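Given next are the chains, with one letter for each unit.
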Amino acid sequence: MKAPAFLRRLFRPPLSCEDVNRFIVAYLDDALPDRLRARFEAHLAHCANCSAYLAQYRHTIALVREAEQLPPPPAELADLTLAFLQRHLDAPPPDADAADPS
Amino acid sequence: MPSADAASNDPIDLEALLSGDRQAFALLVRRESPRLFQVILRIVRDEDEARSVMQETFLQAYQRLATFRREARFTTWLYAIGINQARAAARRLRRQDVLDEQDIDRLQPTFRNGMYVSRYQPWNPQQAAERTELHRLVHEAIDRLPDIYRTVVVLRDLEERSTTETAAILGISEGAVRVRLHRARQALRALLSEHLS
């Protein structure tokens, strides 16, 4: 017989470090359901190792964003692309001369 | 191709675009060039190559307009073409020391009885290498990621695309995007850790 929902919640085992690790992406995307998020945060509150790992993980994302900043692309980019398209779309097919009987 | 007014915020007429209207396509080129160029540049890492890949992307898109199925946004379809081309170019230019799947496995944390085997401490920015040096290390670490991981990092962490949009662009499930992103971030964390701990 299945136990009532409130009893299942009461005796739900806490998340392990491995569970917490598996949910990091969803946690940072704010995509965890409320109850799971609460269990995730409850684990972090008493697990210094998971908190430190998550801090390093966040730091990695921040460093990637900081190091990969790009300057604005060259202003003539679209003009060059439009000129390229004009050349290629208006060019006669490669064998047009050969096919022309005149 | 006719010139189009990029400053205009008018929506691009999808029906005109799909019928091959060059004015509408020119507007698309002006609107999307800056962002598409940056995505491609982040994958191929070379400005000349990125420009060439982007031009080919627009050419292919124009020539394949009839194959657009309307299942995704038009720009998602355009980016999918661009990213496929960029990945092919990146494979041609690829570094020698790109990690393989086993290396990525080794860079993941390990667990025993549900607990991390290693002990972690938050990184200390004071102990970090000088900023410029640190950025170089980050570039190197990203460049060593296999193509399927690097592309997800570019789309999710740099371009800040949603999981749904990233999945649509790459033609994979949202679950696969999350798994690849997590493995990539964990591999980067491990590669950077020795310089920051």
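Since the structure is predicted, the reported quantities are computational estimates derived from the model, not experimental observations.

### Let's talk about the overall build of chain A
Thinking step 1. Scanning chain A from N- to C-terminus turns up seven helices and zero strands.
Thinking step 2. Starting at the N terminus, the α and β elements of chain A follow one another as α-α-α-α-α-α-α.
Thinking step 3. The burial tally for chain A puts 35% of its 102 residues in the buried class.
Thinking step 4. Pairs at least 24 residues apart make up 52% of the contacts formed inside chain A by residues separated by at least 6 positions.
Thinking step 5. Element-wise, carbon and sulfur atoms account for 58% of the exposed surface of chain A, whose accessible area totals about 6,300 Å².

### Let's talk about the packing of helix α5 (residues 48-67) of chain A against helix α7 (residues 147-158) of chain B
The relative placement of two packed helices comes down to the angle between their axes together with the axis-to-axis distance.
Thinking step 1. The geometry of α5(A) relative to α7(B) is characterised by a closest axis approach of 10 Å and an angle of 90° between their N-to-C directions. Here α5(A) is positioned roughly perpendicular relative to α7(B), judged by the angle of their axes. Counted together, I61(A), V64(A) and R65(A) of α5(A) and V153(B), R156(B), D157(B) and L158(B) of α7(B) form the full contact between these two elements.
Thinking step 2. Tallied by class, the residues present in the contact of α5(A) with α7(B) amount to four nonpolar, no polar and three charged.

### Thoughts on the interface of chain A and chain B
Thinking step 1. Every contact between the two is made by 42 residues of chain A and, on the other side, 55 residues of chain B.
Thinking step 2. Together chain A and chain B conceal approximately 4,600 Å² of surface at their shared face, both sides included; 63% is due to carbon and sulfur atoms.
Thinking step 3. Viewed at the interface, chain B and chain A are joined by six salt bridges.
Thinking step 4. Note that D90(A) and R22(B) form a salt bridge whose closest N and O atoms lie 2.8 Å from each other.
Thinking step 5. Inspection of the chain A/chain B interface yields 24 residue pairs in polar contact (both at pLDDT 80 or more).
Thinking step 6. Within the residue set of the side of chain A that touches chain B, elements represented by two or more residues are α2 (17-22), α3 (24-28), α5 and α6 (77-90) of chain A.
Thinking step 7. The element that contributes the greatest number of residues to the side of chain A that touches chain B is α5(A), accounting for 15 residues.
Thinking step 8. A breakdown of the residues in the side of chain A that touches chain B according to their chemical character gives 25 nonpolar, 10 polar and seven charged.

### Notes on helix α6 (residues 131-144) of chain B
Thinking step 1. Between the first and last C-alpha of α6(B) there are 20 Å, a value that for 14 residues agrees with the 20 Å anticipated at 1.5 Å per step.
Thinking step 2. Among all positions of α6(B), only L134(B), L137(B), V138(B), A141(B), I142(B) and D143(B) are buried.
Thinking step 3. Residues of α6(B) that are buried make contact with α5 of chain A together with α7 and α9 (174-196) of chain B.

### A short note on the packing of aromatic side chains
Thinking step 1. Under the defined criterion, the tally for this structure stands at 11 aromatic pairs over all chains.
Thinking step 2. Pairing Y53(A) with Y57(A) gives two aromatic rings, centres 6.5 Å apart and planes at 45°, and the pair type is tilted. Residue Y53(A) and its partner Y57(A) are both found in helix α5; the two are separated by four residues, about one turn of the helix. Taken as a pair, Y53(A) and Y57(A) share a single burial class, namely buried.
Thinking step 3. Plain terms: the ring middles of F25(B) and Y62(B) are 4.9 Å apart, the flat faces sit at 80° to each other, and that makes the pair edge-to-face. Placement of F25(B) in helix α2 (residues 22-44) and of Y62(B) in helix α3 (residues 47-63) is noted, with a sequence separation of 37 residues between them.
Thinking step 4. For Y62(B), a relative accessible area of 15% translates into the label buried.

Scoring rules and cut-offs
- Residues numbered from 1 in each chain as written.
- Chains lettered and ligands numbered in written order.
- Predicted model: local features only at pLDDT ≥ 70, side-chain atom pairs only at ≥ 80, totals over all residues.
- Heavy atoms only, no water.
- Helix = DSSP H or I, 4+ residues; strand = E, 2+ residues; numbered from the N terminus.
- Buried < 20%, exposed > 50% of the residue type's maximum accessible area, 1.4 Å probe, protein only.
- Contact = heavy atoms within 4.5 Å.
- Areas by Shrake-Rupley, 256 points an atom, 1.4 Å probe, with all protein chains shown as cover.
- Axes fitted to C-alpha atoms, helices over the stretch in contact; angles between N-to-C directions.
- Parallel < 35°, antiparallel > 145°, perpendicular 65-115°, else oblique.
- Nonpolar A, V, L, I, M, F, W, Y, C, P; charged D, E, K, R; others polar.
- Buried area = accessible area lost by both parts, 1.4 Å probe.
- Salt bridge = Lys/Arg side-chain N within 4 Å of Asp/Glu carboxyl O.
- Polar contact = N/O pair within 3.5 Å; in protein donor to acceptor, adjacent residues only side chain to side chain.
- Expected span 1.5 Å × (residues − 1).
- Phe/Tyr/Trp six-rings, centres within 6.5 Å; stacked < 30°, edge-to-face > 60°.

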